[in-house]
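# Chains, contacts and geometry: an overview
Spelled out from the first residue to the last, the chains are:
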Amino acid sequence: MKTGNQKTVSKFLLLGLTEDPGQQPLIFSLFLSMYLVTLQGNLLIILAIRSDSNLHTPMYFFLCSLSFNDICLSSSIIPKMLVNILAKDQSITYAGCLFQVSFVLIFMAMESCLLAVMAYDHYVAICHPLRYTAIMNPSLCVLLVLVSLSISRWPPPHSDGAVVVLLHRPGDPPLLL
């Protein structure tokens, strides 16, 4: 049995924002400036947190992780888009597209997990202010960031996509995020 119109797709054509060649430099400079401002702002946040010892607290550690994640997220999208704005060949290979989409999804999921971890940090600071430093010790902070990374890398086995992390300290009731 012979079937028609079956072809292996090896590239995707990225159409872009406009086909007008006169607007391409304007769009390129606009997105390049937004990308550079994003990089500069996040790098300044990271450098400020690293350079000031008063900012070496769990909240700022999570903020530093969130800034680094934002750098990775924007760097997985914008450079290819800038190349495609200027290039005549505006295509991406199937593997390149899959690679880019997977990294975008990983970094977006990690951002959500880091925001949940920051909410847990605020919960502990408000509900347990006297035990905050004992609960949110540096090893737990690093563990929470690593758990966020591991959750974002592998989809949970739940069919609805819900992620439940159980955090338990001896003598405390279990906390669900």
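See the structure shown above.
No experiment lies behind these values; they were computed from the predicted model shown.

Over its 28 residues, helix α1 (residues 24–51) runs 40 Å from end to end, which matches the ideal 40 Å to within 8%, given 1.5 Å per residue. All of the buried residues in α1 are Gln 24, Ile 27, Phe 31, Tyr 35, Leu 39, Asn 42, Ile 46 and Ile 49. Turning to α1, the residues buried within the fold contact α2 (58–75) and α3 (78–86).

In this section: the nonpolar core. Among the nonpolar cores identified, the biggest contains 15 residues, and Phe 62, Tyr 120, Val 124, Met 136 and Leu 144 are the most heavily contacted of them. Where this core is concerned, the elements lending two or more residues are α2, α4 (94–127), α5 (132–135) and α6 (138–153). Discounting chain neighbours no more than four positions away, the residues touching Val 124 are Pro 129, Tyr 132, Ile 135 and Met 136. Membership of the second largest hydrophobic core comes to twelve residues, among which are Leu 39, Ile 49, Leu 55 and Ile 85.

One can describe the packing of α4 onto α6 by two numbers: an axis separation of 8 Å at closest approach and a directional angle of 145°. At the point where α4 passes α6, the crossing takes the right-handed sense. Note on element contacts: α6 touches α4 through Leu 144, Val 145, Ser 148, Leu 149, Ile 151, Ser 152 and Arg 153, opposite Ile 106, Ala 109, Met 110, Cys 113, Leu 114, Val 117 and Tyr 120.

Looking now at the environment of Phe 107. Mapped onto the elements of the fold, Phe 107 is located in helix α4. Residue Phe 107 is classed as buried on the basis of its relative accessible area, which comes to 14%. With 42 residues separating them along the chain, Phe 107 and Leu 149 place their C-alpha atoms 8.7 Å apart. Not counting residues within four places of it along the chain, the set of residues in contact with Phe 107 comprises Asn 69, Cys 72, Leu 73 and Ser 76.

What follows covers the environment of Cys 113. Tracing the sequence through the fold places Cys 113 in helix α4. Cys 113 sits in the buried class, given a relative accessible area of 15%. Separated by 47 residues in the primary sequence, Cys 113 and Leu 66 have C-alpha atoms spaced 9.8 Å apart. Look past the residues within four positions of Cys 113 in its chain and what remains in contact with it is Ser 148 and Ile 151.

Within the element layout of this structure, Ser 74 appears in helix α2. Using a relative accessible area of 12% as the deciding quantity, one classes Ser 74 as buried. With residues up to four places along the chain from it excluded, the contact list for Ser 74 reads Tyr 35, Thr 38 and Pro 79.

Among all positions in α3, only Ile 78, Leu 82, Asn 84 and Ile 85 are buried. Down the axis, α3 shows its buried residues gathered within 165° of arc, on one side only. In this structure, the buried residues of α3 make contact with α1, α2 and β2 (91–93).

Conventions we followed
Residues numbered from 1 in each chain as written. Predicted model: local features only at pLDDT ≥ 70, side-chain atom pairs only at ≥ 80, totals over all residues. Heavy atoms only, no water. Helix = DSSP H or I, 4+ residues; strand = E, 2+ residues; numbered from the N terminus. Expected span 1.5 Å × (residues − 1). Buried < 20%, exposed > 50% of the residue type's maximum accessible area, 1.4 Å probe, protein only. Contact = heavy atoms within 4.5 Å. Core = buried A, V, L, I, M, F, W, Y, C linked by side-chain atoms within 4.5 Å. Axes fitted to C-alpha atoms, helices over the stretch in contact; angles between N-to-C directions. Left-handed = near helix turned anticlockwise from the far one by under 90°. Arc of directions from axis to C-beta.

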